[in-house]
Amino acid sequence: MIWLAQTSSEDGIAIVVFATVIFLSLFGIGSLVKWIFRMISGKPKPAKMESVVVVLETEICQEDEELKDHENVRIFAFYLHSKLAEKKIGQLANSSHEDSEHLLYFAGPDARGVWNVLEEEVKAYSPKKPKRVILERTKKNGGVEVLDHILWEPGRKLDFQIPQVIPESWRWRSIIARRVLVLAYIGLFGWNAIRFYLGKTEAEFMDNGFGMFSAYLIGAALIFGLSLGWICGVQNGTFARAAGFLDAQSSMSITLKYVFLTVIAIFGLLLQLT
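Residue positions within a chain follow its written sequence, with the count starting from 1. Per-residue local features of the predicted model are confined to residues with pLDDT of at least 70, and side-chain atom pairs are confined, for both listing and counting, to 80 or more; whole-chain, interface and lining totals are unaffected and use all residues. Computation of side-chain values: all heavy atoms of the structure, hydrogens and water removed.

1. Structural notes on the nonpolar core
- Throughout, nonpolar core names a set of buried Ala, Val, Leu, Ile, Met, Phe, Trp, Tyr and Cys residues whose side chains join them through atoms within 4.5 Å. Buried, partly exposed and exposed residues are distinguished by accessible area as a fraction of the type maximum, computed with a 1.4 Å probe on protein chains only: under 20%, between the cut-offs, and over 50%, respectively. By size, the foremost hydrophobic cluster in this structure holds 26 residues, and its most contacted members are Val52, Val54, Leu104, Phe106, Trp115, Leu118 and Val133.
- Helix numbering and strand numbering both begin at the N terminus, where a helix is a DSSP run of H or I of at least 4 residues and a strand a DSSP run of E of at least 2. Listing elements by their share of this core, those giving two or more residues are strand 1 (50-57), helix 3 (63-87), strand 3 (101-108), helix 4 (111-125) and strand 4 (130-136).
- With 7 residues, the top contributor of residues to this core is helix 3.
- Setting aside its immediate chain neighbours within four residues, Val133 contacts Val52, Val53, Val54, Trp115, Glu145, Val146, Leu147 and Ile150.
- Of all hydrophobic cores here, the second largest spans 6 residues; its members include Trp191, Met206, Ala215 and Ile218. Throughout, a contact is declared for two residues whenever any of their heavy atoms are within 4.5 Å.

2. Examining the sheet that holds strand 4
- Two strands are said to pair when DSSP picks up at least two bridges between them. Within the open sheet, the 5 strands sit side by side as 2-3-1-4-5. Their pairing is antiparallel. Each edge of the open sheet is held by one strand with a lone partner, namely strand 2 (91-98) and strand 5 (144-147). Averaged over all adjacent pairs, the angle separating strand axes in this sheet is 15°, with direction ignored.
- Across 8 bridges, strand 1 lies against strand 3 in antiparallel orientation. Note on strand 3: the bridge partner recorded for Glu57 is Glu101. Lines fitted to the C-alpha atoms define the axes, with helices restricted to the stretch that makes contact. Angles between their N-to-C directions range from 0 to 180 degrees.

3. Some details on the environment of Ala243
- Mapped onto the fold, Ala243 is located in the loop between helix 7 (209-242) and helix 8 (251-273).
- Residues Ala243 and Pro163 lie 80 residues apart in sequence; the distance between their C-alpha atoms is 8.4 Å.
- Those residues within four positions of Ala243 in sequence are excluded, and the remaining contacts are His81, Ala85 and Val165.

4. Some remarks on the confidence of the model for the protein chain
- A residue's pLDDT is the predictor's confidence in that residue, given on a scale from 0 to 100. Taken residue by residue, the protein chain gives an average pLDDT of 75. The fraction at 70 or more is 70%.
- Within the protein chain, the lowest mean pLDDT, 43, falls on helix 1 (residues 2-5), and the highest, 91, falls on helix 4.
- Taken together, the stretch residues 1-10 has pLDDT below 50 and engages in 21 contacts with residues farther than four places along the chain or on a different chain.
- Confidence over residues 248-253 falls short of pLDDT 50; this stretch has 4 contacts with residues more than four positions distant or in other chains.

5. What about unusual backbone geometry?
- Despite not being glycine, Lys88 has its phi angle at roughly 55°, a positive value.
- Looking at the element boundaries, Lys88 is found in the loop between helix 3 and strand 2.

6. Description of the packing of helix 5 (residues 168-198) against helix 7
- Where helix 5 meets helix 7, the axes come as close as 8 Å, and the angle between the chain directions of the two elements is 155°. Between helix 5 and helix 7, the angle falls in the class roughly antiparallel. Considering only the axes of helix 5 and helix 7, their crossing is left-handed. Between 65 and 115 degrees an angle is taken as roughly perpendicular, under 35 as roughly parallel, over 145 as roughly antiparallel, and anywhere else as oblique. Definitions for this section: a left-handed crossing has its near helix turned counterclockwise from the far helix by less than a right angle. A right-handed crossing has that turn clockwise.

7. Some details on helix 5
- A helix is expected to span 1.5 Å for every residue after the first. End to end, helix 5 covers 44 Å across 31 residues, agreeing with the expected 45 Å (1.5 Å per residue, within 8%).
- Residues of helix 5 that are buried: Trp170, Ser174, Ile175, Ala177, Val180, Leu181, Ala184, Leu188, Trp191, Asn192 and Arg195.

Now the structure itself:
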């Protein structure tokens, strides 16, 4: 924290620019290496993701029954996801409720292949009548296709429990990381507010015992929060992949996010402490 207090804003800008240039250079080199290995191995570029939207009919009912219907649809959605994950062909992407319809979104490299896996399951176990299925395919594969006549055989009971994707202990670690970061940023602004109130410069306030202690405390909290958040992000991604969920972002883009988060945090400290 001492070197931060002695660093000028110009130095802070230089650090940000340098870190950005270095990262973008590494990003370009990494992309080039991936392209070369893909050419050597003969593996094609990953296909663009396509979507399957399963639209279920719902009825207006009492609140308790509506909540039960929502839970049944949620269990059904995760059941369908488990079938896709088992065959490694797709995943549950999202779900929503609009007016009198439940919409279940699934993603995979081949929308037709995803629906071929889901069709029998929807027919046998859907808790609500399927109204239509929308295959959102690439233009190369035919574009959007809407299936209006979906077979449904109600009556079968689905015996399926939603697995816990992220363990409770790791979920709490993520919450702790976010709260520590919030407290660190609040402490950072509070540190400067006290300094301005006392009419002292950064160096003068750092010479004070309270100023020095609080600066180290805030810096430690910021580093701890960022580090724990990064560890939780990596670990939660591992849990999600084990449950059959594909990363919405590549490992490179995730790294980019955390690098820039760290750079922004450093730059923010430099601006506040100079």
